[in-house]
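Single-letter residue listing:
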Amino acid sequence: RQQERPENFSFLWKRVLFVGIHMVTNSDADETNERVMDNIQWVNQNVEKHQMENIDAIFVMGNERLLATENIAFYEHFSNKKKNVDEWNDVLFVYSRRSGISGLSRDIGGVTDLHELRVGSEWPIMDVRVQTGNVAGIQFRTVSSRIGRASGSGGQDGVI
């Protein structure tokens, strides 16, 4: 957990760095900007801690749209890293957020492998599987409401 923002968390699992950030808009613009800067720092600290050579994908769980005015500094920081820092070129960066309807926007702003995953409230729920190694990408599917049955038996598959 981040000391300054205990609601933020992270863990590395099977070469995927999962980072949870509280990306919200506050009534105080200074607080919002400070929160965004703390979130940028949190992602960077965790990449440094786990070392990029051990990471195939970074999966950030946020709240607000990636390209929302309040979050543009977050987007610009990581899009610049994807474009200008060699070790970031081969890493898949997915920003996930809550939305009314599930969907996927690929290569945000023309930046390769910078995606926004929108997680809707529809039922059945969405199952996100991050595949690393020789197959770079994220597989997502809706899961059948019957326990133990997944796509292929009524769900929808998609691969980033």
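Scroll up a little and you will see the structure.
Residues numbered from 1 in each chain as written. Predicted model: local features only at pLDDT ≥ 70, side-chain atom pairs only at ≥ 80, totals over all residues. Heavy atoms only, no water.

Caption draft 1: Examining the nonpolar core more closely. Judged by nonpolar contacts, the single largest core of 24 residues is most densely connected at Ile21, Val47, Ile58, Val60, Phe74, Phe93 and Tyr95. Those elements that place two or more of their residues in this core are strand E2 (16-20), helix H1 (29-50), strand E3 (57-61), helix H2 (72-84) and strand E4 (92-98). For this core, the leading source of residues is H1, giving five residues. The contacts of phenylalanine 74, once residues within four sequence positions are left out, are Ile21, Met23, Val36, Asn39, Ile40, Val43, Val60, Leu66, Phe93 and Tyr95. Listed in part, the eight residues of the second largest apolar core include Val16, Leu92, Leu104 and Leu117. (Core = buried A, V, L, I, M, F, W, Y, C linked by side-chain atoms within 4.5 Å. Buried < 20%, exposed > 50% of the residue type's maximum accessible area, 1.4 Å probe, protein only. Helix = DSSP H or I, 4+ residues; strand = E, 2+ residues; numbered from the N terminus. Contact = heavy atoms within 4.5 Å.)

Caption draft 2: Broad picture of the pairing of strand E1 (residues 9-13). Taken together, the five bridges between E1 and E2 define a ladder with antiparallel strand orientation. Residue leucine 12 lies in a different strand from E2, and its bridge partner there is leucine 17. The antiparallel pairing of E1 with E2 creates a hairpin that spans two residues between the two strands, and lysine 14 there sits at a positive phi of about 50 degrees. (Pairing = 2+ DSSP bridges.)

Caption draft 3: Structural view of the pattern of salt bridges. Taken as a whole, this structure holds four salt bridges when the rule is applied. A salt bridge links glutamate 31 to arginine 35, with the nearest nitrogen and oxygen atoms 3.4 Å apart. In this pair, glutamate 31 and arginine 35 are both assigned in helix H1, four residues apart and thus about one turn of the helix distant. For arginine 97, the salt bridge identified is with glutamate 116, shortest N-O distance 3.2 Å. Taken together, the residues span a long stretch of sequence, with arginine 97 in strand E4 and glutamate 116 in strand E6 (residues 114-119) at a distance of 19 residues. Classification of glutamate 116 as buried rests on a relative accessible area of 8%. (Salt bridge = Lys/Arg side-chain N within 4 Å of Asp/Glu carboxyl O.)

Caption draft 4: Inspection of the packing of aromatic side chains at higher detail. Across all of its chains, the model carries seven aromatic pairs by this definition. Taken together, a centroid distance of 5.7 Å and an interplanar angle of 40 degrees make the contact between phenylalanine 78 and tryptophan 88 tilted. Taken as a pair, phenylalanine 78 in helix H2 and tryptophan 88 in helix H3 (residues 86-89) lie far apart in primary sequence, 10 residues in all. Taking relative accessible area as the criterion, phenylalanine 78 reaches 1% and is therefore assigned buried. Ring centres 5.2 Å apart and planes at 25 degrees place the aromatic pair phenylalanine 78 and phenylalanine 93 in the stacked group. One end of the pair, phenylalanine 78, is in helix H2; the other, phenylalanine 93, is in strand E4, with 15 residues separating them in the sequence. Residue phenylalanine 93 is classed as buried on the basis of its relative accessible area, which comes to 1%. Taken together, the aromatic side chains of Phe74, Phe78, Trp88, Phe93 and Tyr95 make up a single cluster linked through ring pairs. (Phe/Tyr/Trp six-rings, centres within 6.5 Å; stacked < 30°, edge-to-face > 60°.)

Caption draft 5: Spotlight on the environment of serine 99. Looking at the element boundaries, serine 99 is found in the loop between E4 and strand E5 (103-105). Relative accessible area serves as the criterion here: at 19%, serine 99 is assigned to the buried category. Linking serine 99 and glutamate 122, residues 23 residues apart in sequence, is a C-alpha distance of 9.9 Å. When near neighbours in sequence (up to four residues on either side) are disregarded, serine 99 contacts Arg118, Val119, Gly120 and Ser121. In this structure the side chain of serine 99 is engaged in a polar contact, spanning 3.3 Å, whose partner is the backbone oxygen of isoleucine 101. (Polar contact = N/O pair within 3.5 Å; in protein donor to acceptor, adjacent residues only side chain to side chain.)

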